[in-house]
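The chain contents come next:
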Amino acid sequence: DAEITQSPRHKITETGRQVTLACHQTWNHNNMFWYRQDLGHGLRLIHYSYGVQDTNKGEVSDGYSVSRSNTEDLPLTLESAASSQTSVYFCASSESTGGPKDYEQYFGPGTRLTVT
Amino acid sequence: AQKVTQAQTEISVVEKEDVTLDCVYETRDTTYYLFWYKQPPSGELVFLIRRNSFDEQNEISGRYSWNFQKSTSSFNFTITASQVVDSAVYFCALSEAGSGYSTLTFGKGTMLLVSP
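Here's what I pulled together on the structure shown here. It should be emphasised that the depicted structure is a prediction, and the values quoted were computed from it without experimental measurement. (Residues numbered from 1 in each chain as written. Chains lettered and ligands numbered in written order. Predicted model: local features only at pLDDT ≥ 70, side-chain atom pairs only at ≥ 80, totals over all residues. Heavy atoms only, no water.)

**Focus: the interface of chain B and chain A**
Note the following rule: The contact criterion used is simple: two residues touch if any of their non-hydrogen atoms lie within 4.5 Å. Once two parts are brought into contact, the accessible area they lose, counted with a 1.4 Å probe and summed over both, makes up the buried area. Only one rule defines a salt bridge in this text: a Lys or Arg side-chain nitrogen within 4 Å of an Asp or Glu carboxyl oxygen. Under this definition, polar contacts are N or O atom pairs within 3.5 Å; protein pairs additionally need one hydrogen-donor-capable and one acceptor-capable atom, and for neighbouring residues in sequence, both atoms have to be side-chain atoms. Under the scheme used here, helices are H or I runs from DSSP no shorter than 4 residues and strands are E runs no shorter than 2 residues, and both carry numbers assigned from the N terminus.
Tallying the contact residues gives 19 residues for chain B and 21 residues for chain A. Interface area for chain B against chain A, summed over the two sides, is near 1900 Å², with a carbon-plus-sulfur share of 60%. Seen at the junction of chain B and chain A, the total is one salt bridge. Put simply, A:E104 and B:R50 hold a salt bridge, and the shortest N to O gap is 2.6 Å. Along the contact surface separating chain B from chain A lie three residue pairs in polar contact (both at pLDDT 80 or more). Looking at the side of chain B that touches chain A, the elements that each hand over two or more residues are β5 (32–39), β6 (46–52), β10 (88–96) and β11 (104–106) of chain B. Considering every element that reaches the side of chain B that touches chain A, the biggest residue donor is β5(B), with four residues.

Below, the structure is given as structure tokens:
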């Protein structure tokens, strides 16, 4: 079955280190998204991509970057981790057929990141 | 700017009670999509429903029903005869068609606790 996976599921890192969170989907979806979830804030969009070589900034993109070299993967990099980036990170994907299902995003299991 | 408000932070009910989760949204777009997602204690985000702004017909799926009212900008979610397995955080979300696929704005969520 098609799915979306994230790795690692849990990570502890130190302030100032570079961290990369992986996201891999097998639905062949063109659209991919990264969110962070924090208590009291719900989910907030970090970056998104509409296809290979396309990346865009979301609401809370400072300190994060993404690259899209193939359809299946959208890794999220924290250039220099800060304690404020301690959060749960979710990757999501959606179709791009031009229909209403393009707006349905399907989420990975999440990565819990702790920056000490 | 689009906005989603879930005024109920936490709701506690006893099994078999009916419960309604409120969602109020703001948007200037005439074409938009509304969503509900469920996040059980295991942490994953589960898509429940998508409605578009032109379809105000209420929807029922088993014990779940959704009441969409454009006049009050609300998209409320009712669980009939609640069960312990319904315990989760529920998120309402909004996407404006005119802003592209990325504008999935989430409310802050309502935690539902169903006791036996």
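**Topic: unusual backbone geometry**
Here A:S7 and A:P8 are connected by a cis peptide whose omega angle stands at -5 degrees. Within the fold, A:P8 resides in the loop between β1 (4–7) and β2 (10–13). Although it is not a glycine, B:K16 adopts a positive phi angle of roughly 85 degrees. Along the polypeptide, B:K16 turns up in the loop between β2 (10–14) and β3 (19–21).

**Overview of the nonpolar core**
For the record, the criterion: The term nonpolar core refers to a set of buried residues drawn from Ala, Val, Leu, Ile, Met, Phe, Trp, Tyr and Cys, joined through side-chain atoms within 4.5 Å. Burial here depends on accessible area, computed with a 1.4 Å probe over protein chains only, as a share of the maximum for the residue type. Under 20% is buried, over 50% is exposed, and the range in between is partly exposed.
Counting 23 residues, the largest nonpolar core has B:W36, B:F77, B:Y90 and B:L112 as its most contacted members. Every element with two or more residues in this core is listed here: β2, β3, β5, β8 (64–69), β9 (74–79), β10 and β12 (110–115) of chain B. The element contributing the most residues to this core is β10(B), with four residues. Residues contacting B:Y90, with those up to four places away along its chain left out, are B:Q6, B:L21, B:W36, B:Y37, B:K38, B:L48, B:Y64, B:F77, B:I79, B:G109, B:T110 and B:L112. Within the second largest apolar cluster, 19 residues are counted, among which are A:Y48, A:Y103, B:A93 and B:F106.

**Considerations on the sheet that holds β1(A)**
All names here are of chain A. Here is the rule: The criterion for strand pairing is that DSSP finds at least two bridges linking the strands in question. Note on definitions: angles span 0 to 180 degrees between N-to-C directions of axes, and those axes are lines fitted to C-alpha atoms, for helices only across the stretch in contact.
Taken in spatial order, the four strands line up as β1-β3-β8-β7 in an open sheet, and their pairing is antiparallel. With one partner strand each, in any of the chains shown, β1 and β7 (64–66) form the two edges of the open sheet. Neighbour-to-neighbour, the strand axes of the sheet open up by a mean angle of 20 degrees, direction not taken into account. Pairing of strand β3 (residues 19–25) with strand β8 (residues 76–78), which is carried by three bridges, proceeds in the antiparallel orientation. The partner of T20 across the bridge, within β8, is T77.

**Some remarks on the pattern of salt bridges**
Counted by the stated rule, this structure contains seven salt bridges over all chains. Where A:R36 meets A:D38, a salt bridge forms, and the shortest distance between an N and an O atom there is 2.8 Å. Per residue, the accessibility class of A:R36 equals that of A:D38, and both read buried. With a shortest N-O distance of 2.8 Å, B:D55 and B:R51 are connected by a salt bridge. The class of B:R51 is buried, set by a relative accessible area of 4%. Connected through shared salt-bridge partners, A:R36, A:D38 and A:R44 make up one network.

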